[in-house]
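# Understanding the architecture of this molecule
What follows is the residue order along each chain.
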Amino acid sequence: HLEMITAISRALRRARLPVAYTRGMHPHQKLSFGPALSVGVTSLCELIDMELEESMDPSELISRLNPELERGFSIYTAALLAPPYRSIQAGTAATVYELTDSAPNEPALERVRDELGKLDGVTVGEPDNKTLRIQTVNPGILGRLKKIFPDFRLTESRKLVKTGILMKSDNESRTQKKSRKTAVC
């Protein structure tokens, strides 16, 4: 998580984007990131809120920022947000994960599905080709798995990947062209 923050911050400086800075003795870029991932969890989608000094077209932001990002990082989408601004966590409706087993592991995916399906705020799909899709309103799904299954471990053959973030629908109605607050994914 900390390395991602540093990588994004450096890329913003290299791209010379008009990022707003805090006031005071040690100014910092006005950036906000979503919750950190648990150790061992991989992510294909993270949200970043940033405040700009001036309005910028999201496609220009993407085209200027992507060449400056380290290998393995890409900005896929950006949107201008209108007030009232909401934190990433407050605007998140659910997080989507995929649990993949490339070899037999205990507990089996079917058992994981059955137990997670009993929890409030968790929707679990049918295991498909050694992959289980999990949608949850609680970002701490790995901790919940370890609570249910004390011996649950992520390994080379068992991976948990954050594949998406579903935002609350009123966020979409708050986008406008003149905003200086930008969300990127």
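Going by the structure above, here's the rest.
Being a predicted model, the structure only gives us computed values, none of them experimental.

### Let's talk about the overall build of the protein chain
Along the protein chain, the regular secondary structure elements total six helices and nine strands. With respect to the principal axes defined by its C-alpha atoms, the protein chain has extents near 50 × 35 × 30 Å. Counting across all 185 residues of the protein chain, residues that qualify as buried make up 40%. Partitioning the contacts of the protein chain with sequence separation of at least 6, the portion at a separation of at least 24 is 72%. Looking at the protein chain as shown, the accessible area adds up to about 10,800 Å², and 51% of this sits on carbon and sulfur atoms. Charged side chains in the protein chain number 27 positive and 23 negative. The centres of these two groups are separated by 5 Å.

### Structural notes on helix α1 (residues 2–14)
For α1, spanning 13 residues, the distance from its first C-alpha to its last is 19 Å, which sits close to the expected 18 Å at 1.5 Å a residue. Every buried residue of α1 is listed here: Met4, Ala7, Ile8, Ser9, Ala11 and Leu12. Residues of α1 that are buried sit in contact with β1 (31–33), β3 (48–51) and α2 (58–65). One or two steps after α1, the chain reaches arginine 16, where phi turns positive at roughly 55°.

### Quick look at the pattern of salt bridges
Pairing between side chains becomes possible if they bear opposite charge and their charged atoms approach one another. Under the defined criterion, the tally for this structure stands at eight salt bridges. In this structure, lysine 162 engages glutamate 46 in a salt bridge whose closest nitrogen and oxygen atoms are separated by 3.1 Å. Of the two residues, lysine 162 is situated in strand β8 (residues 158–167) and glutamate 46 in the loop between β2 (42–43) and β3; the sequence distance between them amounts to 116 residues. Judged by relative accessible area, lysine 162 falls into the buried class, the value being 5%. Relative accessible area serves as the criterion here: at 14%, glutamate 46 is assigned to the buried category. Between arginine 64 and glutamate 60 there is a salt bridge, and its shortest N-O distance comes to 3.2 Å. Here arginine 64 and its partner glutamate 60 are both found in helix α2, four residues apart, which amounts to about one turn of the helix. For glutamate 60, a relative accessible area of 35% puts it in the partly exposed group.

### Let's talk about helix α4 (residues 109–116)
Of the residues making up α4, those classed as buried are Leu109, Val112, Arg113 and Leu116. The buried residues of α4 occupy one face: seen down the axis, they fall within an arc of 100°.

### A short note on the environment of lysine 162
Spatially, the C-alpha atoms of lysine 162 and threonine 100 are 11 Å apart, while their sequence positions differ by 62 residues. When neighbours within four sequence positions are excluded, lysine 162 is seen to be in contact with Leu37, Val41, Thr42, Ser43, Leu44, Cys45, Glu46, Thr95, Val96 and Tyr97. At 3.1 Å, the side chain of lysine 162 and the side chain of glutamate 46 are in polar contact.

### Digging into the nonpolar core
Judged by nonpolar contacts, the single largest core of 18 residues is most densely connected at Ile8, Leu12, Leu17, Leu52, Leu61, Leu65 and Leu69. Examining the composition of this core, we find that four residues originate from one element, α1, more than from any other. The residues touching leucine 17, leaving out its near neighbours within four places in the chain, are Leu12, Met56, Leu61, Arg64 and Leu65. Formed by 16 residues, the second largest nonpolar core is a distinct cluster that contains Leu99, Leu132, Ile141 and Phe149.

### Details of the side chain of asparagine 105
On the secondary structure map, asparagine 105 appears in the loop between β5 (92–101) and α4. For asparagine 105, the side chain forms a polar contact with the side chain of aspartate 101, separated by 3.1 Å.

### Quick look at unusual backbone geometry
Looking along the chain, the bond that leaves glutamate 106 and enters proline 107 is cis, with omega of -5°. With respect to the element layout, proline 107 can be found in the loop between β5 and α4. Its identity as a non-glycine residue notwithstanding, arginine 16 has a phi of 55°, on the positive side. Within the secondary structure, arginine 16 is located in the loop between α1 and β1.

The rules behind these values
Residues numbered from 1 in each chain as written. Predicted model: local features only at pLDDT ≥ 70, side-chain atom pairs only at ≥ 80, totals over all residues. Heavy atoms only, no water. Helix = DSSP H or I, 4+ residues; strand = E, 2+ residues; numbered from the N terminus. Buried < 20%, exposed > 50% of the residue type's maximum accessible area, 1.4 Å probe, protein only. Contact = heavy atoms within 4.5 Å. Areas by Shrake-Rupley, 256 points an atom, 1.4 Å probe, with all protein chains shown as cover. Lys, Arg positive; Asp, Glu negative; His and termini not counted. Charge placed at Lys NZ, Arg CZ, Asp CG, Glu CD. Expected span 1.5 Å × (residues − 1). Salt bridge = Lys/Arg side-chain N within 4 Å of Asp/Glu carboxyl O. Arc of directions from axis to C-beta. Polar contact = N/O pair within 3.5 Å; in protein donor to acceptor, adjacent residues only side chain to side chain. Core = buried A, V, L, I, M, F, W, Y, C linked by side-chain atoms within 4.5 Å.

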